Structures are given as structure tokens and as C-alpha cells.
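Structural features, examined
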Amino acid sequence: MASSWEELAADKRKRINDSIPHEWRLQASPSDDSVFDFPAKSGLLSDQELKITESTASDLVQQLAEGKLTAVAVTTAFCKRAALAHQLLNCCLEFFPEMAIAQAKELDAYYEKYKKPVGPLHGLPLSLKDQLRVKGLETCMGYVSWLGKYDENESVLVTLLRRAGAIFYTKTSVPQTLMVCETVNNVIGRTLNPRNKNWSCGGSSGGEGAMVGIRGGVIGVGTDIGMNTRLQLTIAEKADYIWPSHGRMPYAKMANSMEGQETVHSVVGPMAHSAADLRLFLTSVLGMEPWKYDSKVVPMPWRSAEEDIIKLKIKEGLTLGYYSCDGVVLPHPPILRGIETVVSTLKDHGHQVIPWTPYKHDFGHNLIGNIYASDGNTDVFKDINASGEPAIPNIKDLLNPDIKKIDMNQLWDTHLHKWNYQMEYLDKWRELEEQQGRELDAIIAPITATAAIRHNQFRYYGYASVINLLDFTSVVVPVTFADKSLDSAKENYQAQALNSLDATVQAEYDPEAYHGAPVAVQVIGRRLSEERTLAIAEEIGKLLGNAVTP
């Protein structure tokens, strides 16, 4: 008799829990809403392991290359902290410390023999979103029907990272279908935010956000197709996520929903605790010439000269646009204050910051929503229904059941609408440059309408999805934290709301419930401008300094 979906999911949860060694298991989970500082208090990690897991990736690879740390020591530390992360936050779909430590031993043996690292990431443990395939492991991607299928081949990015010396030890959770901004599935349930378990960790890379946020990972690999909040929800460092334009990083042989959908591409990128660590990841991957393995990758090595251009511009003063509202949904007060903080800080340091008028973001938001449902939701419900599991509640808020499957001519029209919109947006960018008489280096904008959102409350994806539709580069920079004494709710807003969705989002804001939630902005650059945009984001992070929890 075939197993029910509940039995299959229960078996998967047991296998994940069994993969955690007994000596790394918690006797009882803490009752506090915040577990952000729990790893340091747990007693599970030694002083050296705490130091390792709270270091930057750039520092770790240098010590590994100099023989001051072993791959086994670093890998063991992150495996232990990741085990804690899963027990606290429910963030892993695969945990494989034995494989990781075996790989670390091989790297240590290589170093002992040749007295040099195998590559730029020698001995560095990386956590992976479950979309990335690792030979011999499951990639269920939040679907019960995908359980029991073991990968015989690896994703191209996994292969290249492995050749660069990276070690893998966990694959993190995703929402069912990937297409929502909260990480919930019927396999393991909901993933929590380490700063407050009453908040979401975001999605679809929420498992990675939670893992890296609590420092169970030093660099995480996530993806984005416009439904992802770029996960500013858990980390509060100088710079944290970069989402490159399509074609900069290899995506080949990764799992996905709606595979073959080419109208809006999902992109893969790193999450880390510093701009330097983001750069380390990008330069390491590009140094492996990924365009020789993935036909969609643009043959473009890392261009240090582009960074140098920004460094010179920083001395003279950058020219940056900004907007606080996209004309569709007004962000919550903490986000508005975050934008104001960045703008005033940049002006105080001699940079020119000018208003940018978002161009047809309502059109872009509607277009990308229709694209996601253009197959009549056939693909995602095929995989949901295959096991008999129910759709998670968030799905009904996103995938409009009234949208019917479109035909080829309608698809061609959609491609044309997207292309025209992209060119019109570039026209507006150039028009502003002509008005100012100088190049517009980037645009500062909200990344979501909310700070870390309460469970089941995320409603509006436009601040991220429109940027994906445009295929611009985006880097997220943490700014501050929501503060109930500074971020009062707007009174009588319903009467002046932009629309019903705007009214719903604004009505959800509660200064008390969101007190302490991380606030971030995104730095938006033109397509394939990763070097310049990251350099600008790094400068903004330096000017802001480290945020302090209220």
C-alpha cells in the first residue's frame, strides 16, 4: 500500500533529525521569542568554534590558505552551529555533516601534501538552498511528491564551487512551489526568524536567510525570481545579498518550479555578512569560467576596473536616485525612515541624491504576476497534487486561479510587453542623466513594504518583482531596526490609501509587534552592473555603520 503524504513527510522529518549527532542535540528548545544569541549561550560550541562561526568568509579562507585553520575544524564548527539552527528554526531539508567532514579531510590531506589550497574557497563551508542539486541527496524543494528521488548529477554551480574548494553540509528549506515570500511547506513546516520567532524569515530562500542569519552559515547560496524579499529579514551587517542580472551566475541543472519558463528568469546569488564576502563568492565562481559549463552565462570575468571607476566617483561624489514609494503600496513607517536615513547620510557625505519617479511599477507588478500564472498554474499544482498534499495557504494569495493558460501568440505578446517596458525604463534613466548632466550611478529603494513580516501577512511583492522583471542588479544593505518610539502607525490612512491592497498592507502595521525588526534598502544598478552596484552598496554600508538593536 502506498504511503500517504503525511507518512512521507514524517519520514523525511525523522531522517533530518536522525542526521544530527546525539551530542549536538538540544535537550529542550528555548522559550524566548528571540534565539539570535542562543548559539553563544548554548555551551555546544567551544570558544574557537564560536570565533570561527562569527568570522567573515574572507578571513577564514585566508587562515585556511595559510594553514592556521584546518578544513575539518572550520567545517565541524559550522556543522554544529547549523545543527543548532535547524533545531531552533526548522530550516534544513538536508543535513549531511559526515559527507562534509569527509570532504574536509580530503582538503586537509591535499594541503598537507602540497602546502597550498586547492582554490580560492579552500575549506570554506557553504550552505545551499535546496534547489541546488548535490549528488546522492534529495532535492524535494518543498514538494512531498519529490521525496525519495536522489540526484545522480550536481548543479553546475555546486560543481564549480566544489572545485574552488568549498564544502557543503546542508540544504535549506524553501516554500512549497518557491513562489511565496514565507518559507512554509508540508514536508517540515514553517521556518522561523532567529530575531523573533513571530516573524517570517522570508522566502523563497528563507531557509538560507535563517541559516546565515544565525551564523550557521558564513555564505549561503540562494535564488530570486521576484517573489523573494531578498531576505533582509535576518542579518544586520554592512551588506548582505546581491542578486545579479540573469546570465552572470550559472543556474544550469538546478531544480525549479515552472522549468522552461523563460519570460522572467530566476537568478542565483550569495548571501553573506559583508560586501567583501559577496565579492569573494562572485570572483571565485567567475574565476572558474562558468560560461564554459552553462550556455546562458555571459562570458564576462569579474571587472575590477568597474569597481575602480566607482571608487573614483565616491571621492568626487556619487549621483544616486531614490524613491520611498512605488505608487502601488506605501511602505510601513520603519521602511520610510530607513530610506530617509540612507538619503540624509549620503547627502551629509557629499553625494548627490535626487528623487526618482518609479515608472509604471503598477504595470510591471501586474505583468509579472500574470507571467507566473501564465500556464494556468498547471506546473505547480501538478507537483502538489501528485502526493495528495494540500497547497499551503500562501499560494492562494499569489497564484490567481482565475487566470487561464495562455497560447503561444499571447506568450510572444508578453515577451514584447516585457522588452518594451525594460527599454522604456532605460529611457527614463537616460532622461534623468541628461537633466543632471552626469551619470546616474544607482537607485536607492525599499526592498519590501515591510520590515520582517509577521507570519501569513506578506501581501505585496512589487518592490522586488519589478526589479527582477527589469533584470537589474540589486544589492541589499541593512540600515536600522524598527523602533516603536520612532515609527508610529499612520492615523486615518484608509481614507487616503492608494488602493485596497495598500490599505490592507498599511492596516497590518503594529509598532509594538514590529519593534526591533530589521530594516533594509536595495541599491539598484543597470543590468550586469554587479561590480559597480556592489561597490556602491559597500560604500553605503560603511557610511551607515553597524546597526544597533533598539
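In this text the structure is predicted, and so the values were computed from the model without any measurement.

Turning next to the confidence of the model for the protein chain. Model confidence for the protein chain is summarised by a mean pLDDT of 94, while 95% of its residues fall at 70 or above. For residues 229–239, every residue scores under 50 in pLDDT, and the model assigns this stretch 72 contacts once sequence neighbours within four places are set aside.

Further remarks concern the side chain of Asp383. Inspection of the secondary structure assignment puts Asp383 in helix α13 (residues 378–385). No salt bridge is formed by the buried Asp383; its nearest oppositely charged neighbour, Lys382, is found at 4.5 Å. Among residues more than four places away in sequence, those in contact with Asp383 are Tyr143, Ser145, Trp146 and Glu389.

Burial within strand β2 (residues 125–129) is extensive, with five of its five residues counted as buried. Neither face of β2 is left uncovered, since the one carrying Pro125, Ser127 and Lys129 and the one carrying Leu126 and Leu128 both have all their residues buried. Where β2 meets strand β3 (residues 167–172), four bridges bridge the pair, whose relative direction is parallel. Across the sheet, Leu128 pairs through a bridge with Lys171, a residue of β3. Considered for its hand, the β-α-β crossover made up of β2, helix α7 (residues 156–163) and β3 is right-handed.

Closest axis-to-axis distance for the helix α5 (residues 71–89)/helix α6 (residues 97–114) pair is 8 Å, and the angle between their directions is 160°. By the angle between their axes, α5 is roughly antiparallel relative to α6. In the crossing of α5 with α6, the sense of the turn from one axis to the other is right-handed. Together, Ala71, Val72, Thr75, Thr76 and Cys79 of α5 and Pro97, Ala100, Ile101, Ala104, Lys105, Leu107 and Asp108 of α6 make up the contact between the two elements. Of the residues in the contact of α5 with α6, the class split is eight nonpolar, two polar and two charged.

Turning next to the pairing of strand β7 (residues 196–200). Consecutive side chains of a regular strand alternate in pointing toward one face of the sheet and then the other. Sheet topology places strand β6 (residues 192–193) next to β7; two bridges connect them, and they run antiparallel. Paired with Leu192 across the strands is Ser200, a residue of β7. As consecutive antiparallel partners, β6 and β7 are separated by two residues.

Each value, and the rule that gives it
- Residues numbered from 1 in each chain as written.
- Predicted model: local features only at pLDDT ≥ 70, side-chain atom pairs only at ≥ 80, totals over all residues.
- Heavy atoms only, no water.
- pLDDT = per-residue confidence, 0-100.
- Contact = heavy atoms within 4.5 Å.
- Helix = DSSP H or I, 4+ residues; strand = E, 2+ residues; numbered from the N terminus.
- Buried < 20%, exposed > 50% of the residue type's maximum accessible area, 1.4 Å probe, protein only.
- Lys, Arg positive; Asp, Glu negative; His and termini not counted.
- Salt bridge = Lys/Arg side-chain N within 4 Å of Asp/Glu carboxyl O.
- Pairing = 2+ DSSP bridges.
- Right-handed = clockwise from strand over helix to strand, strands pointing away.
- Axes fitted to C-alpha atoms, helices over the stretch in contact; angles between N-to-C directions.
- Parallel < 35°, antiparallel > 145°, perpendicular 65-115°, else oblique.
- Left-handed = near helix turned anticlockwise from the far one by under 90°.
- Nonpolar A, V, L, I, M, F, W, Y, C, P; charged D, E, K, R; others polar.

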